[in-house]
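Coordinates in review
Chain by chain, the residues run as shown.
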Amino acid sequence: MAHYKAADSKREQFRRYLEKSGVLDTLTKVLVALYEEPEKPNSALDFLKHHLGASTPENPEIELLRLELAEVKEKYEAVVEENKKLKAKLAQYEPLQEEKRAE
């Protein structure tokens, strides 16, 4: 009988831990969202994964990578624009060089 009480005590501690950390609340919200879906998804597990992943806080490293990607995209677009302008300038001078060669 003492073994039974020890197992209950561990379960109760674990339940309190899940409550304090917000796991029970989050799981409840996701399960309620699944219940309230008018058309149930083919995979309930995928639904849970998607909704649990969306509710977790962002990893700071991921946010830094997103910022770096945005900066690189801006630089890339600036280089592409500069390249277009330089090609247009070059096109102005190329016909003159061809005319000199023909002479």
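Residues numbered from 1 in each chain as written. Predicted model: local features only at pLDDT ≥ 70, side-chain atom pairs only at ≥ 80, totals over all residues. Heavy atoms only, no water.

Taking an unreviewed UniProt entry as the reference, the chain is identified by name as c-Myc-binding protein belonging to Phascolarctos cinereus. Listed under Subcellular location (unreviewed entry) in UniProt, the entry text for the chain is "Nucleus". In UniProt, the chain has this text filed under Sequence similarities (unreviewed entry): "Belongs to the AMY1 family." (UniProt positions renumbered as here; feature names shortened; annotations may be inferred.)

**Details of a nonpolar patch on the surface**
The grouping of V23, L27 and L31 at the surface amounts to a nonpolar patch, some 220 Å² of accessible area in total. Within the fold, V23 resides in helix α2 (residues 23-36). Judged by its relative accessible area of 32%, V23 falls in the partly exposed class. (Patch = residues over 30% accessible without salt bridge, like charges linked within 9 Å, V, L, I, M, F, W, Y side chains within 5 Å. Areas by Shrake-Rupley, 256 points an atom, 1.4 Å probe, with all protein chains shown as cover. Salt bridge = Lys/Arg side-chain N within 4 Å of Asp/Glu carboxyl O. Helix = DSSP H or I, 4+ residues; strand = E, 2+ residues; numbered from the N terminus. Buried < 20%, exposed > 50% of the residue type's maximum accessible area, 1.4 Å probe, protein only.)

**A word on a negative patch on the surface**
A surface patch of like charges, here negative, comprises E68, E71, E74 and E77. Residue placement: E74 occurs in helix α4 (residues 60-102). (Lys, Arg positive; Asp, Glu negative; His and termini not counted. Charge placed at Lys NZ, Arg CZ, Asp CG, Glu CD.)

**Side note on the packing of aromatic side chains**
Throughout the structure, instances matching the rule amount to one aromatic pair. Their ring planes at 35 degrees and their centres at 6.1 Å tell us that F14 and Y17 sit as a pair that is tilted. On the criterion of helical spacing, the pair formed by F14 and Y17 is a turn pair, its members being three residues apart in helix α1 (residues 2-21). K40 extends its terminal NZ or CZ atom over the ring of Y35, reaching a point 5.8 Å from the ring centre. (Phe/Tyr/Trp six-rings, centres within 6.5 Å; stacked < 30°, edge-to-face > 60°. Lys NZ or Arg CZ within 6 Å of the ring centre and 35° of its normal.)

**Observations regarding the UniProt feature "coiled-coil region" (unreviewed entry) in the chain**
With numbering aligned to this structure, UniProt lists the feature "coiled-coil region" (unreviewed entry) at residues 62-89. Along residues 62-89, the helical share is 100% and the strand share 0%, with 41 Å between the first and last C-alpha atoms.

**A word on the pattern of salt bridges**
This structure, assessed with the given rule, holds five salt bridges. Between R11 and D8 there is a salt bridge, and its shortest N-O distance comes to 4.0 Å. Highlighted residues: R11 and D8, both in helix α1, separated by three residues, approximately one helical turn. Judged by relative accessible area, R11 falls into the exposed class, the value being 61%. Here D25 and K29 are joined by a salt bridge, their closest N and O atoms 3.4 Å apart.

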